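Close look at the chain arrangement
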Amino acid sequence: DKAKIATKWKIDPTKKWVFFPENFGWAFYSKEMLQQMVDDGQSVEQVNFMNNFCKEYFASTIKWLIRLAEEEEIELIFRPRPATSVQDIEEAITNSVTKLSSSFRIIKEETVKDWIYASDIVLSSYSTTLIEAALIGKPTAMLIIGELPKIFEQEWHSRCKKLVNYEDLKNYVKNGTNDSKVLSAWIKNNYLNKKCTFETFTLIL
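A short tour of the structure in this document, coming up.

Cut-offs and rules
Residues numbered from 1 in each chain as written. Predicted model: local features only at pLDDT ≥ 70, side-chain atom pairs only at ≥ 80, totals over all residues. Heavy atoms only, no water. Salt bridge = Lys/Arg side-chain N within 4 Å of Asp/Glu carboxyl O. Helix = DSSP H or I, 4+ residues; strand = E, 2+ residues; numbered from the N terminus. Buried < 20%, exposed > 50% of the residue type's maximum accessible area, 1.4 Å probe, protein only. Arc of directions from axis to C-beta. Contact = heavy atoms within 4.5 Å. Phe/Tyr/Trp six-rings, centres within 6.5 Å; stacked < 30°, edge-to-face > 60°. Lys NZ or Arg CZ within 6 Å of the ring centre and 35° of its normal. Polar contact = N/O pair within 3.5 Å; in protein donor to acceptor, adjacent residues only side chain to side chain.

Here we look at the pattern of salt bridges
As enumerated under the stated definition, the model contains eight salt bridges in all. Two residues, Arg 67 and Glu 71, come together in a salt bridge whose shortest N-O distance is 2.9 Å. A residue pair is termed a helical-turn pair when its members lie 3 or 4 positions apart in one helix, as Arg 67 and Glu 71 do in helix 3 (residues 44–71) at four residues. Accessibility expressed as a relative area gives 37% for Arg 67, which makes it partly exposed. Given a relative accessible area of 37%, Glu 71 falls into the partly exposed group.

Focus on helix 7 (residues 166–175)
Within helix 7 the residues assigned to the buried category are Tyr 166, Leu 169, Tyr 172 and Val 173. Along helix 7, the residues classed as buried sweep out an arc of 135° about the axis, all on the same side.

Structural notes on the environment of Leu 169
Mapped onto the elements of the fold, Leu 169 is located in helix 7. Given a relative accessible area of 0%, Leu 169 falls into the buried group. When near neighbours in sequence (up to four residues on either side) are disregarded, Leu 169 contacts Trp 64, Leu 65, Leu 68, Leu 123, Leu 143 and Leu 163.

Describing the packing of aromatic side chains
Inspection of the entire model under this criterion finds 15 aromatic pairs. Here Phe 19 and Trp 115 contribute two aromatic rings whose centre-to-centre distance is 6.2 Å and whose plane-to-plane angle is 25°, an arrangement assigned as stacked. Of the two residues, Phe 19 is situated in strand 1 (residues 16–21) and Trp 115 in helix 5 (residues 112–118); the sequence distance between them amounts to 96 residues. Residue classification places Trp 115 among the buried residues on the basis of a relative accessible area of 0%. A centroid spacing of 5.4 Å and a plane angle of 65° characterise the contact between Phe 53 and Tyr 57, whose relative ring orientation is edge-to-face. With Phe 53 and Tyr 57 both in helix 3 and four residues apart, this pair spans about one turn of that helix. Taken as a pair, Phe 53 and Tyr 57 share a single burial class, namely buried. Aromatic ring contacts, followed pair by pair, group Phe 20, Phe 24, Phe 28, Phe 49, Phe 53, Tyr 57, Phe 58, Phe 78, Phe 104, Tyr 126 and Phe 152 into a single cluster. Sitting over the face of the ring of Trp 17, Lys 2 holds its NZ or CZ atom 4.6 Å from the ring centroid.

Points about the side chain of Thr 140
With respect to the element layout, Thr 140 can be found in strand 5 (residues 140–143). A distance of 2.6 Å separates a polar side-chain atom of Thr 140 from the backbone oxygen of Lys 138. With near-sequence residues (within four places) excluded, Thr 140 lies in contact with Val 122, Leu 130, Ala 133, Ala 134, Cys 160, Lys 161, Tyr 172, Asn 178 and Ser 180.

See the structure below:
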(Lines give C-alpha, C1' and ligand atoms only; values in the text may rest on other atoms or scores of the structure.)
Protein backbone atom coordinates (compact mmCIF):
# COMPACT_ATOMS: atom_id res chain seq x y z
CA ASP A 1 0.00 0.00 0.00
CA LYS A 2 1.30 3.39 -1.01
CA ALA A 3 0.75 5.02 2.39
CA LYS A 4 2.71 2.29 4.16
CA ILE A 5 5.61 2.47 1.70
CA ALA A 6 5.59 6.28 1.86
CA THR A 7 5.90 6.20 5.64
CA LYS A 8 8.59 3.53 5.64
CA TRP A 9 10.83 5.29 3.10
CA LYS A 10 9.81 8.90 3.94
CA ILE A 11 8.53 9.51 0.42
CA ASP A 12 6.09 12.37 -0.11
CA PRO A 13 2.74 10.73 -1.02
CA THR A 14 1.37 13.99 -2.43
CA LYS A 15 3.95 14.04 -5.23
CA LYS A 16 3.86 12.00 -8.42
CA TRP A 17 5.88 8.78 -8.01
CA VAL A 18 8.00 7.74 -10.99
CA PHE A 19 9.35 4.20 -10.75
CA PHE A 20 12.38 3.08 -12.76
CA PRO A 21 13.35 -0.61 -12.38
CA GLU A 22 16.92 -0.82 -13.60
CA ASN A 23 17.79 -3.31 -16.35
CA PHE A 24 21.38 -2.54 -17.33
CA GLY A 25 22.87 -5.89 -16.32
CA TRP A 26 25.67 -5.89 -18.87
CA ALA A 27 27.00 -2.60 -17.47
CA PHE A 28 27.63 -4.21 -14.09
CA TYR A 29 29.03 -7.62 -15.00
CA SER A 30 32.44 -8.24 -13.46
CA LYS A 31 35.52 -8.80 -15.62
CA GLU A 32 35.44 -12.41 -14.49
CA MET A 33 31.85 -12.87 -15.70
CA LEU A 34 32.60 -11.20 -19.03
CA GLN A 35 35.61 -13.48 -19.49
CA GLN A 36 33.45 -16.49 -18.61
CA MET A 37 31.06 -15.52 -21.40
CA VAL A 38 33.96 -15.44 -23.84
CA ASP A 39 35.16 -18.81 -22.56
CA ASP A 40 31.65 -20.16 -23.06
CA GLY A 41 31.70 -19.24 -26.75
CA GLN A 42 30.66 -15.60 -27.17
CA SER A 43 33.00 -13.44 -29.21
CA VAL A 44 35.18 -10.87 -27.49
CA GLU A 45 33.77 -8.21 -29.82
CA GLN A 46 30.16 -8.95 -28.90
CA VAL A 47 30.85 -9.11 -25.16
CA ASN A 48 32.75 -5.81 -25.25
CA PHE A 49 30.02 -4.18 -27.36
CA MET A 50 27.25 -5.22 -24.96
CA ASN A 51 29.25 -4.10 -21.93
CA ASN A 52 30.13 -0.70 -23.40
CA PHE A 53 26.67 -0.07 -24.84
CA CYS A 54 24.94 -0.70 -21.51
CA LYS A 55 27.45 1.46 -19.64
CA GLU A 56 26.72 4.37 -21.99
CA TYR A 57 22.96 3.68 -21.87
CA PHE A 58 23.05 3.68 -18.07
CA ALA A 59 25.11 6.88 -17.83
CA SER A 60 22.82 8.81 -20.20
CA THR A 61 19.65 7.50 -18.51
CA ILE A 62 20.90 8.46 -15.06
CA LYS A 63 21.60 12.02 -16.19
CA TRP A 64 18.07 12.34 -17.56
CA LEU A 65 16.46 10.89 -14.44
CA ILE A 66 18.46 13.01 -12.01
CA ARG A 67 17.69 16.14 -14.01
CA LEU A 68 14.01 15.16 -14.01
CA ALA A 69 14.03 14.73 -10.22
CA GLU A 70 15.60 18.19 -9.87
CA GLU A 71 13.25 20.02 -12.23
CA GLU A 72 9.88 18.40 -11.49
CA GLU A 73 7.86 17.95 -8.30
CA ILE A 74 8.20 14.18 -8.29
CA GLU A 75 9.62 11.33 -6.28
CA LEU A 76 11.82 9.14 -8.46
CA ILE A 77 12.43 5.59 -7.24
CA PHE A 78 15.31 3.84 -8.96
CA ARG A 79 15.37 0.13 -8.14
CA PRO A 80 18.49 -1.94 -8.96
CA ARG A 81 17.91 -5.31 -10.56
CA PRO A 82 18.35 -8.29 -8.16
CA ALA A 83 21.90 -9.05 -9.29
CA THR A 84 23.10 -5.44 -8.97
CA SER A 85 23.89 -3.92 -5.57
CA VAL A 86 22.96 -0.43 -4.43
CA GLN A 87 26.66 0.23 -3.92
CA ASP A 88 27.39 -0.63 -7.56
CA ILE A 89 24.70 1.79 -8.69
CA GLU A 90 25.93 4.57 -6.40
CA GLU A 91 29.50 4.15 -7.60
CA ALA A 92 28.40 4.24 -11.23
CA ILE A 93 26.33 7.36 -10.61
CA THR A 94 29.28 9.24 -9.10
CA ASN A 95 31.09 8.62 -12.38
CA SER A 96 28.24 10.30 -14.30
CA VAL A 97 27.07 13.16 -12.08
CA THR A 98 28.40 15.13 -9.14
CA LYS A 99 25.12 15.87 -7.39
CA LEU A 100 22.15 13.67 -6.55
CA SER A 101 18.74 15.24 -5.90
CA SER A 102 17.02 14.35 -2.63
CA SER A 103 14.00 13.33 -4.73
CA PHE A 104 16.08 10.68 -6.50
CA ARG A 105 15.98 7.55 -4.38
CA ILE A 106 17.85 4.29 -4.88
CA ILE A 107 15.85 1.58 -3.13
CA LYS A 108 16.24 -2.15 -3.62
CA GLU A 109 13.82 -3.26 -0.92
CA GLU A 110 10.15 -4.04 -1.60
CA THR A 111 9.19 -6.06 -4.65
CA VAL A 112 8.91 -4.72 -8.17
CA LYS A 113 5.16 -5.36 -7.97
CA ASP A 114 4.92 -3.30 -4.76
CA TRP A 115 6.51 -0.33 -6.49
CA ILE A 116 4.50 -0.74 -9.68
CA TYR A 117 1.23 -0.66 -7.75
CA ALA A 118 2.33 2.26 -5.56
CA SER A 119 3.78 4.41 -8.34
CA ASP A 120 2.01 6.76 -10.75
CA ILE A 121 4.30 6.17 -13.75
CA VAL A 122 6.59 3.26 -14.61
CA LEU A 123 9.62 3.83 -16.85
CA SER A 124 12.50 1.55 -17.80
CA SER A 125 14.82 0.64 -20.62
CA TYR A 126 13.84 -2.66 -22.29
CA SER A 127 12.74 -4.33 -19.04
CA THR A 128 9.75 -6.69 -19.11
CA THR A 129 8.52 -5.03 -15.92
CA LEU A 130 6.89 -2.59 -18.34
CA ILE A 131 4.59 -5.45 -19.37
CA GLU A 132 3.51 -5.94 -15.76
CA ALA A 133 2.89 -2.21 -15.36
CA ALA A 134 0.86 -2.02 -18.58
CA LEU A 135 -1.30 -4.98 -17.58
CA ILE A 136 -2.53 -3.18 -14.47
CA GLY A 137 -3.06 0.06 -16.36
CA LYS A 138 -0.12 2.18 -15.22
CA PRO A 139 1.29 4.83 -17.59
CA THR A 140 4.29 3.03 -19.04
CA ALA A 141 7.15 4.06 -21.33
CA MET A 142 10.61 3.01 -22.50
CA LEU A 143 13.58 5.37 -22.39
CA ILE A 144 15.48 4.81 -25.62
CA ILE A 145 18.76 6.67 -25.96
CA GLY A 146 20.21 6.28 -29.43
CA GLU A 147 19.42 3.18 -31.48
CA LEU A 148 18.61 0.01 -29.57
CA PRO A 149 20.78 -2.86 -30.90
CA LYS A 150 18.90 -5.67 -32.66
CA ILE A 151 20.00 -8.14 -30.01
CA PHE A 152 17.86 -6.31 -27.41
CA GLU A 153 14.75 -5.94 -29.56
CA GLN A 154 11.59 -7.87 -28.69
CA GLU A 155 8.24 -7.93 -30.44
CA TRP A 156 6.39 -6.17 -27.61
CA HIS A 157 8.70 -3.14 -27.79
CA SER A 158 6.82 -1.79 -30.82
CA ARG A 159 3.64 -1.60 -28.70
CA CYS A 160 5.27 0.40 -25.91
CA LYS A 161 5.48 4.19 -25.72
CA LYS A 162 9.07 5.35 -26.39
CA LEU A 163 10.79 8.46 -25.04
CA VAL A 164 13.83 9.30 -27.15
CA ASN A 165 15.09 12.56 -25.63
CA TYR A 166 14.93 14.46 -22.37
CA GLU A 167 12.08 16.72 -23.48
CA ASP A 168 10.02 13.65 -24.35
CA LEU A 169 10.66 12.30 -20.86
CA LYS A 170 9.85 15.56 -19.10
CA ASN A 171 6.65 16.15 -21.07
CA TYR A 172 5.44 12.58 -20.58
CA VAL A 173 5.94 12.70 -16.82
CA LYS A 174 4.37 16.13 -16.61
CA ASN A 175 1.52 15.92 -19.11
CA GLY A 176 1.62 12.57 -20.86
CA THR A 177 -1.43 10.42 -21.46
CA ASN A 178 -1.58 6.78 -20.49
CA ASP A 179 -0.49 4.82 -23.59
CA SER A 180 -0.18 1.47 -21.83
CA LYS A 181 -3.48 0.21 -23.26
CA VAL A 182 -1.82 -0.65 -26.57
CA LEU A 183 0.81 -2.87 -24.95
CA SER A 184 -1.70 -4.32 -22.48
CA ALA A 185 -4.17 -5.25 -25.23
CA TRP A 186 -1.44 -6.86 -27.33
CA ILE A 187 -0.23 -9.00 -24.42
CA LYS A 188 -3.77 -10.07 -23.57
CA ASN A 189 -4.66 -10.89 -27.17
CA ASN A 190 -1.47 -12.78 -27.91
CA TYR A 191 -0.92 -14.57 -24.62
CA LEU A 192 -3.55 -14.29 -21.92
CA ASN A 193 -6.55 -14.86 -24.18
CA LYS A 194 -5.05 -17.83 -26.02
CA LYS A 195 -4.87 -20.24 -23.11
CA CYS A 196 -1.08 -20.23 -22.93
CA THR A 197 0.34 -22.00 -19.91
CA PHE A 198 1.56 -20.05 -16.92
CA GLU A 199 5.09 -21.28 -17.65
CA THR A 200 4.93 -19.92 -21.20
CA PHE A 201 3.67 -16.52 -20.10
CA THR A 202 6.34 -16.16 -17.39
CA LEU A 203 9.00 -16.57 -20.05
CA ILE A 204 8.17 -13.10 -21.35
CA LEU A 205 8.24 -11.68 -17.83
